[in-house]
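Residue-level listing of the chains:
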Amino acid sequence: FKDGKALEVQSLKKHLGEDNLKRLINWTLKYLADVDCPVKRGTFIEFRNGMINVSPVGRNCSQEERDAFEVYDKEHKIRPKMVEAMEKEFADLKLK
């Protein structure tokens, strides 16, 4: 924003196209279904105009559950492994 006006709006849907966006979301949901973590609380993917927010434990978890997942993730490397798998699966989309 500048002087109260948006300068530019990024659209992930426009950038990727509907087919690639669905491919990304479907892959993510399938991947998360196989992730073993202490709790899962729903809303694992949140679509925003310029990005997709992915939460292996779920956006609906409590702060205590979020903190417990952080400890678990440090040991089991859930997020780094997922990023690595996504980079391989979607190398053609040049998301970096």
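Now for a description of the structure that goes with this document. (Residues numbered from 1 in each chain as written. Predicted model: local features only at pLDDT ≥ 70, side-chain atom pairs only at ≥ 80, totals over all residues. Heavy atoms only, no water.)

Moving on to the overall build of the protein. The number of helices and strands found in the protein is 4 helices and 2 strands. Taking the principal axes of the C-alpha coordinates as reference, the protein spans close to 40 × 35 × 20 Å. Taking the contacts inside the protein whose residues are at least 6 apart along the sequence as the reference set, 46% of them involve residues at least 24 apart. As displayed, the protein offers around 7,100 Å² of accessible surface, 51% of which is attributable to carbon and sulfur atoms. On the protein, the mean spot of the 19 positive side-chain charges and the mean spot of the 17 negative ones are 4 Å from each other. (Helix = DSSP H or I, 4+ residues; strand = E, 2+ residues; numbered from the N terminus. Contact = heavy atoms within 4.5 Å. Areas by Shrake-Rupley, 256 points an atom, 1.4 Å probe, with all protein chains shown as cover. Lys, Arg positive; Asp, Glu negative; His and termini not counted. Charge placed at Lys NZ, Arg CZ, Asp CG, Glu CD.)

Let us now look at the packing of aromatic side chains. Evaluated as defined, the whole model comprises 2 aromatic pairs. Ring centres 5.0 Å apart and planes at 25° place the aromatic pair W27 and Y31 in the stacked group. Of this pair, W27 and Y31 both sit in helix α2 (residues 18–33), 4 residues apart, roughly one helical turn. On the basis of an interplanar angle of 85° and a centroid distance of 5.5 Å, the ring pair of W27 and F90 is categorised as edge-to-face. One end of the pair, W27, is in helix α2; the other, F90, is in the segment after α4 (78–89), with 63 residues separating them in the sequence. The pair formed by W27 and F90 is uniform in burial state, with each residue classed as buried. In textbook terms, an aromatic cluster arises when at least three aromatic residues are bridged by ring pairs, as seen for W27, Y31 and F90. (Phe/Tyr/Trp six-rings, centres within 6.5 Å; stacked < 30°, edge-to-face > 60°. Buried < 20%, exposed > 50% of the residue type's maximum accessible area, 1.4 Å probe, protein only.)

Let us look at the state of the cysteines. In a disulfide, the sulfur atoms of two cysteines are held together by a covalent bond. With the rule as written, the count across this model stands at 0 disulfides. C37 takes part in no disulfide bond, and the closest cysteine sulfur to it belongs to C61, at a distance of 9.3 Å. The class for C61 is buried, based on a relative accessible area of 8%. (Disulfide = S-S within 2.5 Å.)

Now for the environment of K81. One can find K81 in helix α4. Contacts of K81, omitting those with residues within four sequence positions, involve Y31 and H76.

Here the focus is the pattern of salt bridges. Evaluation of the coordinates by the stated rule reveals 8 salt bridges. E46 is the salt-bridge partner of R48, the closest N and O atoms lying 2.8 Å from each other. One network of salt bridges, in which partners are shared, links E46, R48 and R59. (Salt bridge = Lys/Arg side-chain N within 4 Å of Asp/Glu carboxyl O.)

Another aspect to go through is the packing of α2 against α4. Following both chains from N to C, one finds α2 and α4 inclined at 145°, their axes separated by 12 Å at the closest point. Once α2 is placed against α4, the crossing between them reads as right-handed. On α4, the residues touching R23, L24, W27, T28, Y31 and L32 of α2 are K81, M82, A85, M86 and E89. Class assignment for the residues of the contact of α2 with α4 results in 7 nonpolar, 1 polar and 3 charged. (Axes fitted to C-alpha atoms, helices over the stretch in contact; angles between N-to-C directions. Left-handed = near helix turned anticlockwise from the far one by under 90°. Nonpolar A, V, L, I, M, F, W, Y, C, P; charged D, E, K, R; others polar.)

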